[in-house]
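Structural overview
What follows is the residue order along each chain.
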Amino acid sequence: MRIVADIAQCEGLGMCEAMAPDIFEVGPEGHVVIHDASPDESRRQDLQAAVDSCPVLALTMQD
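Turning next to empty space enclosed by the protein. Counted under the stated rule, the structure contains 1 cavity of 30 Å³ or more. If you add up the space inside the largest cavity, you get close to 110 Å³. Cys10, Leu13, Gly14, Cys16 and Cys54 are the residues nearest the centre of the largest cavity, which is lined by 13 residues in total. A breakdown of the residues in the lining of the largest cavity according to their chemical character gives 10 nonpolar, 2 polar and 1 charged.

Turning to the pattern of salt bridges, a few remarks are in order. One pass over the full model with this rule turns up 3 salt bridges. Here Asp22 ties to Arg43 by a salt bridge, and the two come within 2.7 Å at their closest N and O atoms. Here Asp22 is found in the loop between helix 1 (15-19) and strand 2 (24-26), whereas its partner Arg43 is found in the loop between strand 3 (32-34) and helix 2 (44-52), with 21 residues between them in sequence. Between Glu41 and Arg44 there is a salt bridge whose closest N-O contact spans 2.4 Å. Taking relative accessible area as the criterion, Arg44 reaches 26% and is therefore assigned partly exposed. Look at the salt bridges and you will find they share partners, linking Glu41, Arg44 and Asp63 into a network.

Successive side chains on a regular strand alternate, one facing one side of the sheet and the next facing the other. Side chains of strand 4 (residues 59-62) alternate between two faces, with Leu59 and Met61 buried and Thr60 and Gln62 left unburied. Here strand 1 (residues 2-5) runs beside strand 4; their pairing, made up of 4 bridges, is antiparallel. Each residue of the ladder has a partner; that of Arg2, found in strand 4, is Gln62.

How each quantity is defined
- What you see as residue numbers is a count from 1 along each chain, following the sequence as written.
- In keeping with the model being predicted, local features are shown solely for residues with a pLDDT of at least 70 and side-chain atom pairs are shown and tallied solely at 80 or more, while totals for entire chains, interfaces and linings include all residues.
- The basis for the side-chain values is all heavy atoms of the structure; hydrogens and waters are excluded.
- Residues are said to line a cavity or pocket when one of their atoms sits within 4 Å of a point; the points come from a 1 Å grid over protein atoms alone, cavities being sets where a 1.4 Å probe fits but cannot get out and pockets being open sets with protein on both sides within 12 Å along at least five of seven lines.
- Grid points are joined across faces, edges and corners, and a volume is the space filled by probe spheres set on the points.
- Polar here means any residue other than Ala, Val, Leu, Ile, Met, Phe, Trp, Tyr, Cys and Pro, which are nonpolar, and Asp, Glu, Lys and Arg, which are charged; Gly is therefore polar.
- We define a salt bridge as a side-chain nitrogen of Lys or Arg found within 4 Å of a carboxyl oxygen belonging to Asp or Glu.
- Runs of E in the DSSP output that reach at least two residues are strands. Runs of H or I that reach at least four are helices, and both are numbered from the N terminus.
- Buried, partly exposed and exposed residues are distinguished by accessible area as a fraction of the type maximum, computed with a 1.4 Å probe on protein chains only: under 20%, between the cut-offs, and over 50%, respectively.
- What makes two strands pair is DSSP finding at least two bridges between them.

This is the structure we're talking about:
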């Protein structure tokens, strides 16, 4: 599993950070920073919810 961010699409709204602050952070430039792009499979459900919460669809999860 890999999480990918489209920085050009990201508006830094922080929904992902609110749902998984250990993985996502809105950085000083106003877009998402992914701290662990390949997290453990046991986190899939929580991280899919965080990815799905992005209102501008800037995050995707790939297998």
